[in-house]
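Structural features, examined
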Amino acid sequence: MPRISRRTLLAGLGGAALAAATGCTDRRPSVVASDGFNASPSTTPVPPVTVNAATGPVVVPGAPMRVVVLDTDVLDSALTLGITPVGAALPARENRYPEYWPASRTAGIRLVGPAGSPDLPTVRALRPDLILSNQTRDGDRYEQLREIAPTVLTQTTGAPWKANVQLHAQALSREAAAAAFAGAYQKHAGQVAQALAAAKVSGRKVSLVRFVEGGGIRVFGRQSFPGTVLTDAQVGRPDAQNVDQSDFEIPPDQLARADGDLLLYATYGDPGLSGADATLASPAWQALGAVRGHRAFPVDDQLWFQGIGYTGANYLLDELQRFLGA
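Residues numbered from 1 in each chain as written. Predicted model: local features only at pLDDT ≥ 70, side-chain atom pairs only at ≥ 80, totals over all residues. Heavy atoms only, no water.

1. Details of the environment of G139
Put simply, the rule is: Elements are defined by DSSP. Helices are runs of H or I of four residues or more, strands are runs of E of two residues or more, and each kind is numbered from the N terminus. Relative accessible area decides the class of each residue, using a 1.4 Å probe on protein chains only: under 20% of the type maximum gives buried, over 50% gives exposed, and in between gives partly exposed. For this analysis, residues touch if any pair of their heavy atoms sits within 4.5 Å.
As for its position among the elements, G139 is in the loop between α5 (135-138) and α6 (142-148). Residue classification places G139 among the partly exposed residues on the basis of a relative accessible area of 33%. For the pair G139 and G116, spaced 23 residues apart in the sequence, the C-alpha separation amounts to 9.2 Å. Leave out the neighbours within four places in its chain, and G139 touches N134 and L153.

And the structure:
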């Protein structure tokens with residue numbers, strides 16, 4: 001299977017959204033821009049929608065246009081489904097939007113503070129007609145958020161990302177587009193699995209490691225966003241990570257649990273404060289089989305661990321295929 005460039009993949013994703021929108025008759029008519037995303041919607045009213053969120057039923061405006069997203073999963077959902085939010089929160093150690101999105105897609109988004117602690121006056125000033133987040137981040141301020149605009153929260157983020165996208169799509173009146181992306185992703189995952197099998201590398205076990213400022217050295221199991229993508233590509237995991245957990249911290253003297261046939265690692269926050277610099281220079285790290293075999297690679301944290309959605313997942317599949325040499 002030919003590898004997909006980020007530009008080509010984004011063009012394909014925009015085409016999928018356009019195709020889905022074309023087949024949807026109960027949504028607001030729109031003009032489609034040259035990049036395949038909705039540009040200037042008509043004023044045709046769309047009835048309100050009731051969404052069964054983690055907090056219970058929430059009535060949201062049909063086809064909302066001024067959306068604020070308060071975590072990276074809902075940022076991916078909105079942009080993937082053709083909605084550019086008016087405001088977004090980013091993780092505390094981030095000050096830029098994910099680079100797997102072109103700057104043209106994120107340039108107009110107002111930063112409303114850190115995820116888990118957004119600046120509510122800034123959110124209010126944006127006059128949103130919908131707020132999207134999850135209970136893990138914003139459950140304790142749900143009542144304050146719903147006073148600003150209808151607020152739809154999923155229970156959590158990470159492993160249930162596919163179901164979460166469906167809920168986001170319902171709130172955004174983009175169910176048909178979401179279904180198109182889901183189908184395209186499953187097809188892509190199947191193609192990558194076939195390519196890995198043909199190259200006789202599908203049996204290699206992939207380790208996922210993240211150095212987290214304030215959170216130590218973390219390894220990721222099957223119940224995580226990147227873990228689910230590896231499962232969809234039929235890629236195995238090292239025994240220590242082949243567990244129904246999202247992630248867990250390991251002390252430096254247990255680095256052997258981070259080993260694999262392929263080791264992918266990322267850093268969140270300052271490399272010095274996260275322990276990345278010290279660990280990568282340590283004898284224990286250098287002794288790992290993947291490191292000795294030159295099969296340990298750094299990856300973009302904003303993509304692999306924060307890009308929780310169909311666009312992020314498609315990029316993960318493409319990068320995984322490249323790392324495994326298929």
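Back to the write-up after that little detour.
2. Here's the deal with the pattern of salt bridges
Counted only if it meets this: Throughout this description, the term salt bridge denotes a Lys or Arg side-chain nitrogen within 4 Å of a carboxyl oxygen of Asp or Glu.
Across all of its chains, the model carries 12 salt bridges by this definition. A salt bridge links E99 to R96; the nearest nitrogen and oxygen atoms lie 3.6 Å apart. A relative accessible area of 55% means that E99 is categorised as exposed. A network of salt bridges, in which partner residues are shared, links D138, D140 and R141.

3. Focus: the sheet that holds strand β8 (residues 130-134)
We count it as follows: One requirement defines pairing of two strands: DSSP has to find at least two bridges between them. Under this scheme, a helix contributes an axis fitted over its contacting stretch, all axes are lines through C-alpha atoms, and angles between N-to-C directions fall in the 0 to 180 degree range.
Strand order across the open sheet formed by five strands is β7-β6-β5-β8-β9, with parallel pairing between neighbours. On the outer flanks of this sheet lie β7 (110-114) and β9 (151-154), each paired with one strand and no other. Averaged over all pairs of adjacent strands, the angle between their axes in this sheet comes to 20°, without regard to strand direction. Contacts between helix α7 (residues 161-172) and the sheet are confined to β5 (67-69), β8 and β9, with β9 contributing the most and set at about 170° to the helix.

4. Quick word on the pairing of strand β3 (residues 49-53)
Taken residue by residue, a regular strand's side chains alternate between the two faces of the sheet. Residues V49, V51 and A53 of β3 are buried on one face, while the alternating residues T50 and N52, pointing to the opposite face, are not. Bridging between β3 and strand β4 (residues 56-60) involves five bridges; their strand directions are antiparallel. Bridge pairing in β4 places T50 opposite V59. In sequence, β3 turns back onto β4 through a hairpin of two residues.

5. Some words on the packing of aromatic side chains
Selection criterion: Any pair of Phe, Tyr and Trp rings, taking the six-membered ring for Trp, is counted once the centres come within 6.5 Å. Such a pair is stacked with planes under 30 degrees apart, edge-to-face with planes over 60 apart, and tilted for the rest.
A full pass over the atoms with the stated rule returns 11 aromatic pairs. Ring centres 5.8 Å apart and planes at 75° place the aromatic pair Y100 and Y315 in the edge-to-face group. Of this pair, Y100 sits in the loop between β6 (87-90) and α3 (103-106) while Y315 sits in helix α14 (residues 310-323), and the two are 215 residues apart along the sequence. Judged by its relative accessible area of 3%, Y100 is buried. Among the residues examined, Y315 registers a relative accessible area of 2% and is labelled buried.

6. Description of the environment of A169
Position of A169 relative to the elements: it lies in helix α7. Put simply, A169 and A179 are 10 residues apart on the chain and 9.1 Å apart in space, counted from C-alpha to C-alpha. Once residues within four sequence positions are removed from consideration, A169 is found in contact with L81, R174, E175 and A178.

7. A short note on unusual backbone geometry
A positive phi angle, near 60°, is found at S173, a position not held by glycine. According to the relative accessible area criterion, S173 is buried, its value standing at 2%. Even without being a glycine, H294 presents a positive backbone phi close to 60°. With respect to the secondary-structure elements, H294 resides in the loop between α12 (289-292) and β14 (296-298).

8. Side note on the sheet that holds strand β11 (residues 216-220)
Pairing is mixed across the open sheet formed by five strands, whose spatial order is β12-β11-β10-β13-β14. Of all strands in the sheet, those with a lone pairing partner are β12 (247-250) and β14, marking the two edges. Each strand of the sheet is rotated relative to its neighbour by a mean of 30°, with strand direction disregarded. Pairing of strand β10 (residues 206-212) with strand β13 (residues 262-268) involves seven bridges; the strand directions are parallel. Paired with V206 across the two strands is L262, which belongs to β13. Contacts from α14 reach β10, β13 and β14 within the one sheet, and its direction differs from that of β13 by about 135°.

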